[in-house]
Amino acid sequence: MNSVVIVGTQWGDEGKGKITDFLAKEADAVVRFQGGNNAGHTIVFDNKKYALHLIPSGIFRKDKVNVLANGMVINPKALLEELEMLKNGGITDFNLAISDRAHVVLPYHIQLDGLFEDLKDDNKKVGTTNKGIGPTYNDKSSRIGIRVCDFIDLNVFEEKLKDNLKYYNKLFELFGKPLIEPSNVFDEYKEYSKQIKSYVKDTGLLLNSMLDDGKKVLFEGAQGALLCLDHGTYPFVTSSSPTAASVPLNTGISPKYINEIIGVTKAYSTRVGSGHFVTEFENEISKKIRDVGKEYGTTTGRPRRIGWIDTVVLRHTRRISGITGLSVMLLDVLTGVETLKICVAYRLDGNIIDYLPANIKDFERCEPIYIELEGWTEDITQTSKFSDLPLNSQKYLSKISELSNIELAIFSVGPDREQTVVLKDIFK
């Protein structure tokens, strides 16, 4: 059995897309297991940049099966726009499979997303991308969701659409929002249904068959572990779980198939949206990191908040996801920073703690405890092995590995596929 899960160790945007694309060359299938088009991966190769939001990062390798699994919520309009973007970029030869059990994002979900966020006080807003992701997962939990198997059966789709809008239009009317006419949505979305129907499969059966046959499967999530609905910085989280623990449930495979779990972290930290960020800082260094690292959201374009790397967070993610190897991204962005800081613990009300408090008010009072390391000035973007790094770069990576108690598996010195250094055999 050969399976690898890619997990973001922070709040997302860690570079999971690049690592998934890089490791996909060894895989037979690449599986996106949760989230929707509220997240994005930027893939760079052959001097071209592609922004993906729903489609797995293995789509650029024509011999790979790319799966949108049952744990996802899929906006069919956005999916088709993404396929058109790939077509315009010359990516037309691929193998795509969409789970018949995934849930469908529809226009009323997007309107609900904005409505729910608008009703909150400014200091309680989650910072949602307004893509309808949360309301779609709400419908799933409420057992009124429209799944892909319903969506491609036009009679079932029309009936469920009418039923849901009877309810939601009353809510829209109550809050002075535009009503949504079911026939208008149906007339538009039935065309999308026809276009995606050929991709729809029971992907749980597909993946189990591949794993039973000894095929190599790579699983990728959206966002990062600290946005996990259960184990993240609640309520400033997403509506699903990006952890490795959710992979079996969200893909229809047995937990016994999970072998290797690679945690992806930046060499620093970033966050988009609301919520406390213990190591956040704003000065000339953070501005330099933001500009050099191009720290702007793939989906929203929002400037990302910048912080030092936080090993309390890494240890938390290691525990909840069982991380077996660490991939440190964007190491080159820190070149030229004279003094680097690593958060090793928190101070909460005068006490030193080594965990993330569940209570958000306690978490908001946490202050970072740092150690400092000397930086480096040498260009590392052409580095091909660990020993070729400047000594201070080596010390920085080694200290992160030591403090997180995770073996260093990969590090990245630039955005291209070729600027990736692998230190251990990922697919065993």
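About the thresholds
- Residues numbered from 1 in each chain as written.
- Predicted model: local features only at pLDDT ≥ 70, side-chain atom pairs only at ≥ 80, totals over all residues.
- Heavy atoms only, no water.
- Axes fitted to C-alpha atoms, helices over the stretch in contact; angles between N-to-C directions.
- Helix = DSSP H or I, 4+ residues; strand = E, 2+ residues; numbered from the N terminus.
- Parallel < 35°, antiparallel > 145°, perpendicular 65-115°, else oblique.
- Left-handed = near helix turned anticlockwise from the far one by under 90°.
- Contact = heavy atoms within 4.5 Å.
- 1 Å grid on protein atoms, 1.4 Å probe; cavity = no way out; pocket = protein on both sides within 12 Å on 5 of 7 lines; lining within 4 Å.
- Points joined across faces, edges and corners; volume = space filled by probe spheres on them.
- Nonpolar A, V, L, I, M, F, W, Y, C, P; charged D, E, K, R; others polar.
- Buried < 20%, exposed > 50% of the residue type's maximum accessible area, 1.4 Å probe, protein only.
- Salt bridge = Lys/Arg side-chain N within 4 Å of Asp/Glu carboxyl O.
- Pairing = 2+ DSSP bridges.
- Phe/Tyr/Trp six-rings, centres within 6.5 Å; stacked < 30°, edge-to-face > 60°.
- Lys NZ or Arg CZ within 6 Å of the ring centre and 35° of its normal.

Asks: Hey, could you run me through the packing of helix α3 (residues 107-118) against helix α6 (residues 154-174) in this one?
Replies: Helix-helix packing is described using two parameters, namely the angle between the two axes and the distance between the axes. At a minimum axis distance of 11 Å, the contact between α3 and α6 shows a crossing angle of 25°. With respect to α6, the axis of α3 lies roughly parallel. Note on packing geometry: the crossing formed by α3 with α6 is left-handed. Taking contact as the criterion, the partners of Tyr-108, Gln-111, Leu-112, Leu-115 and Phe-116 in α3 are, on α6, Leu-161, Asn-164, Leu-165, Tyr-168, Leu-171 and Phe-172.

Asks: Just to check I follow, could you spell out the layout of surface pockets for this structure?
Replies: A water-sized probe, rolled over the atoms, reveals where empty space remains. Quantified by volume, the second largest pocket comes out at close to 230 Å³. Looking at the lining of the second largest pocket, the element that brings in the most residues is helix α2 (residues 76-88), giving five residues. Classifying every residue of the lining of the second largest pocket by side-chain character gives four nonpolar, four polar and four charged.

Asks: Help me understand unusual backbone geometry in this model?
Replies: Negative phi values dominate among residues other than glycine, just as trans dominates among peptide bonds. Omega for the peptide link from Tyr-234 to Pro-235 comes to 10°, which places this bond in the cis form. Mapped onto the elements, Pro-235 comes out in the loop between β10 (216-220) and α9 (247-251). Not every positive phi belongs to a glycine, and Gln-223 is a case in point at roughly 60°. Residue placement: Gln-223 occurs in the loop between β10 and α9. The class of Gln-223 is buried, set by a relative accessible area of 9%. Residue Asn-405 is not a glycine yet carries a positive backbone phi of 60°. For Asn-405, the position within the fold is in the loop between α13 (391-404) and β19 (408-412). By relative accessible area, which is 58% here, Asn-405 ends up exposed.

Asks: Would you explain the environment of Val-73 in this entry?
Replies: Relative to the helices and strands, Val-73 resides in strand β6 (residues 73-74). We classify Val-73 as buried; its relative accessible area is 0%. Spatially, the C-alpha atom of Val-73 lies 5.9 Å from that of Ala-102, the residues being 29 residues apart in sequence. Those residues within four positions of Val-73 in sequence are excluded, and the remaining contacts are Gly-35, Gly-36, Leu-54, His-103, Val-105, Ile-133, Thr-136 and Tyr-137.

Asks: Explain the pattern of salt bridges to me, please; I cannot follow it from the model alone.
Replies: Evaluation of the coordinates by the stated rule reveals 20 salt bridges. Residue Glu-14 is joined to Lys-16 by a salt bridge in which the shortest nitrogen-to-oxygen separation is 2.9 Å. Using a relative accessible area of 3% as the deciding quantity, one classes Lys-16 as buried. A salt bridge links Glu-284 to Lys-287, with the shortest nitrogen-to-oxygen separation between them at 3.5 Å. Of this pair, Glu-284 and Lys-287 both sit in helix α10 (residues 284-292), separated by three residues, roughly a single helical turn. Of the residues examined, Glu-284 reaches a relative accessible area of 58% and is grouped as exposed. With relative accessibility at 39%, the residue Lys-287 sits in the partly exposed group. A single network of salt bridges, built from pairs that share partners, joins Asp-13, Lys-266, Glu-295 and Arg-304.

Asks: Could you clarify how one ought to interpret the sheet that holds β10 in this entry?
Replies: Pairing between the strands of a sheet is mediated by backbone hydrogen bonds and can be parallel or antiparallel. With respect to topology, ten strands assemble into an open sheet ordered β9-β7-β5-β2-β10-β1-β11-β15-β19-β20, the strand pairing being mixed. Taken across any chain shown, the strands that pair with only one partner, and hence form the sheet edges, are β9 (200-201) and β20 (420-422). Pairing between strand β1 (residues 2-8) and β10: five bridges, direction parallel. When the sheet's bridge partners are listed, Ile-6 is paired in β10 with Glu-220.

Asks: Got a minute to help me understand the packing of aromatic side chains in this structure?
Replies: Between two aromatic rings, the relevant description is the distance of the centres plus the angle of the planes. Enumeration according to the criterion identifies eleven aromatic pairs in this entry. Ring centres of Phe-157 and Phe-186 lie 5.7 Å apart, and the angle between their planes is 35°; on these two criteria the pair is classed as tilted. Within this pair, whereas Phe-157 is found in helix α6, its partner Phe-186 is found in helix α7 (residues 182-196), the two being separated by 29 residues in sequence. Each member of the pair, Phe-157 together with Phe-186, is buried. An angle of 80° between the planes, with centres 4.9 Å apart, marks the rings of Tyr-189 and Tyr-192 as edge-to-face. Linking Tyr-189 with Tyr-192, this pair stays in helix α7, spanning three residues, or about one helical turn. Pair check on accessibility: Tyr-189 and Tyr-192 agree, each one buried. Taken together, the ring pairs in this structure connect Tyr-108, Tyr-167 and Tyr-168 into an aromatic cluster. Note that Lys-25 overlies the ring of Phe-22, its terminal NZ or CZ placed 4.1 Å from the centroid.

Asks: Sorry if this is basic, but what is going on with the pairing of strand β11 (residues 260-266) here?
Replies: Look at any regular strand and the pattern is simple: side chains alternate between the two faces of the sheet. Within β11, seven of the seven residues are buried, which leaves the element mostly enclosed by the surrounding structure. Taking every second residue as pointing to the same face, both faces of β11 are buried, with Glu-260, Ile-262, Val-264 and Lys-266 on one and Ile-261, Gly-263 and Thr-265 on the other. The pairing of β1 with β11 spans five bridges and is parallel. Bridged to Ile-6 within β11 is Ile-262. Pairing of β11 with strand β15 (residues 325-329), which is carried by five bridges, proceeds in the parallel orientation. From the neighbouring strand, Val-264 faces β15, where its bridge partner is Ser-327.

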